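Listed below are the residues making up each chain.
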Amino acid sequence: MEEKEQFFLKIYNLGIIKFGHFTLKSGMTSPIYIDFRPIASRPDLLIKLSDLLLSEVPYHTFELICGVPYAALPIATTLSLRSNIPLIIKRKENKGYGTKRMIEGIYKRGQNCLLIEDVITSGDSLLQTVRDLEKEGLIIKNILSILDREQGGIDNIKKRGFNIRTLFRIGEVLKILEKKDLLKEKEIHIIQLFFKKKNKKNFQEKRISYEEKKEKISHPIGKKLLDITLKKKTNLIVSADLIYSEKILELVNLTGDSICGLKLHADIISDFSSSFIASLKKISVEKKFLLFEDRKLCDVGPTNYLQLHHGIHKISSWADILTVHVIAGSISIQNLNIPPNMGLITVSEMSSSGRLSDDNYIRKALNISLKNPKVIGTVAQRKVDDRLLLFTPGIHFSQSKENSMGNTYIHPNQAFQESRSDFIIVGKAIYQSKNPKIVAEKYREVGWTAYKNGL
């Protein structure tokens, strides 16, 4: 401990701890900010830090090293040089040019990678890096961190099955500084107040409520959907991927009381007709849910217009909500002449494994969504701007399930806790079940509880 204590006193003199009012990357506010980046300007201290970290984990347990971008990158680089173990570099986002890769370096699927983080608060950014590395087929077992802020991040990571070690804990180092008379009286008071309030629940990032969301959503259909959600206490949308109208009507009669929306693919219905739509509309009014046509228009504007208003489906005459891709650019959805009682949902990110949309595309799709007043929300697998409603497909109680068609599933809790989803979309798990009514109600209960727990 003496060696680590002496080391911390040296790096403290670089100004790594600051006092004031700070908003952290996790969204939490804090009177203390820890910044290890100045160590990169002191090669001797960087080497010493690397040696201390390497002493925490056996070399034979990993084949690669990666730092959580970007503060941990120089630390990971030094670790690689000291251990002679290859380094890979994780980008924060795909820039849309060059190799367009999220992970740079030489690696193979199945290799074990040691992950390096500087400061653990909630652990969210670290877990995002884990997900990105695992998508590349890499195995993450061990994680090293310089400092734990003791705000729930370590527990959050351990609960997900990772072995994480940290050199220092915030309480430990602040006691060292106080013992050495390196803190002012005002700073000691701030520390005491910090630890007094350091209840993990107080520091968790909260989602905004549906009532608050209504204030941010301007489109009437977005507000109507939220009104239904609040009145029925459901954020469940059932995806009826069925090819016969009779089966769809049977499904909505069973599940209508548990849902806020029904998602259709009109072009797969073998016996589609105006009488079917009339029956469906009647049920939707009686049971109070919206009709969500998942057409995913993705052509140039004039063709999108024709597909929306013409043909045998005449989507604009009955759908409350319509999905669109924006791969053709913002102008492709600007002049659709949609009715005032219809809202658009963009598809920013799909739930299929191997999808081609990278972070650069997703960022552009979200920007287009925010700028179009007809757009009420987006489909994505991540948290988005609160001015958009977030719809998360690929929901299944069997967490991390992947089917033979390449669809990746997540649990409702994951959608609400990690992505801050507003609505979950469930298909096969309900309509292929023996009792769709009971299963839909179960998804409604779990989805609503997950939303409430995030407030």
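Counting its secondary structure elements, the protein contains 17 helices and 16 strands. Dimensions of the protein, computed from C-alpha atoms along their principal axes, come out at roughly 80 × 45 × 45 Å. In the protein, which comprises 455 residues, the share counted as buried stands at 54%. A separation of at least 24 residues holds for 65% of the contacts in the protein among residues at least 6 apart in sequence. A total accessible area of about 21,600 Å² is found for the protein, and carbon and sulfur atoms account for 51% of it. Across the protein, the 70 positively charged side chains and the 50 negatively charged ones have centroids separated by 2 Å.

A few words on a nonpolar patch on the surface. A cluster of nonpolar side chains, namely Ile243, Tyr244 and Ile268, defines an oily patch on the protein surface of about 260 Å² accessible area. Following the sequence through the fold, Ile243 ends up in the loop between strand 9 (236-240) and helix 11 (245-255).

Another aspect to go through is the side chain of Ser433. For Ser433, the position within the fold is in the loop between helix 16 (428-431) and helix 17 (436-453). Here the side chain of Ser433 touches Ile430 through a polar contact of 2.6 Å, landing on its backbone oxygen. Among all residues touching Ser433, those that are not within four sequence positions of it are Lys428 and Val439.

This part covers the packing of aromatic side chains. Scanning the model with the defined rule gives 10 aromatic pairs in all. One aromatic cluster is present, built from ring pairs that chain together Tyr210, Phe292, Phe391, Phe423, Trp448 and Tyr451. Directly above the aromatic system of Phe168 lies the positively charged group of Lys4, at a separation of 5.6 Å from the ring centroid.

For the rest of this paragraph, the subject is the packing of helix 1 (residues 2-12) against helix 2 (residues 43-54). Contact geometry for helix 1 and helix 2: axes closest at 11 Å, N-to-C directions at 145°. Considering how the two elements wind past one another, helix 1 and helix 2 form a crossing that is left-handed. Judged by residue contacts, Glu3, Lys4, Phe7, Lys10 and Ile11 of helix 1 engage Leu45, Lys48, Leu49 and Leu52 from helix 2. By residue class, the composition of the contact of helix 1 with helix 2 is 5 nonpolar, no polar and 4 charged.

The rules behind the values
- Residues numbered from 1 in each chain as written.
- Predicted model: local features only at pLDDT ≥ 70, side-chain atom pairs only at ≥ 80, totals over all residues.
- Heavy atoms only, no water.
- Helix = DSSP H or I, 4+ residues; strand = E, 2+ residues; numbered from the N terminus.
- Buried < 20%, exposed > 50% of the residue type's maximum accessible area, 1.4 Å probe, protein only.
- Contact = heavy atoms within 4.5 Å.
- Areas by Shrake-Rupley, 256 points an atom, 1.4 Å probe, with all protein chains shown as cover.
- Lys, Arg positive; Asp, Glu negative; His and termini not counted.
- Charge placed at Lys NZ, Arg CZ, Asp CG, Glu CD.
- Patch = residues over 30% accessible without salt bridge, like charges linked within 9 Å, V, L, I, M, F, W, Y side chains within 5 Å.
- Salt bridge = Lys/Arg side-chain N within 4 Å of Asp/Glu carboxyl O.
- Polar contact = N/O pair within 3.5 Å; in protein donor to acceptor, adjacent residues only side chain to side chain.
- Phe/Tyr/Trp six-rings, centres within 6.5 Å; stacked < 30°, edge-to-face > 60°.
- Lys NZ or Arg CZ within 6 Å of the ring centre and 35° of its normal.
- Axes fitted to C-alpha atoms, helices over the stretch in contact; angles between N-to-C directions.
- Left-handed = near helix turned anticlockwise from the far one by under 90°.
- Nonpolar A, V, L, I, M, F, W, Y, C, P; charged D, E, K, R; others polar.

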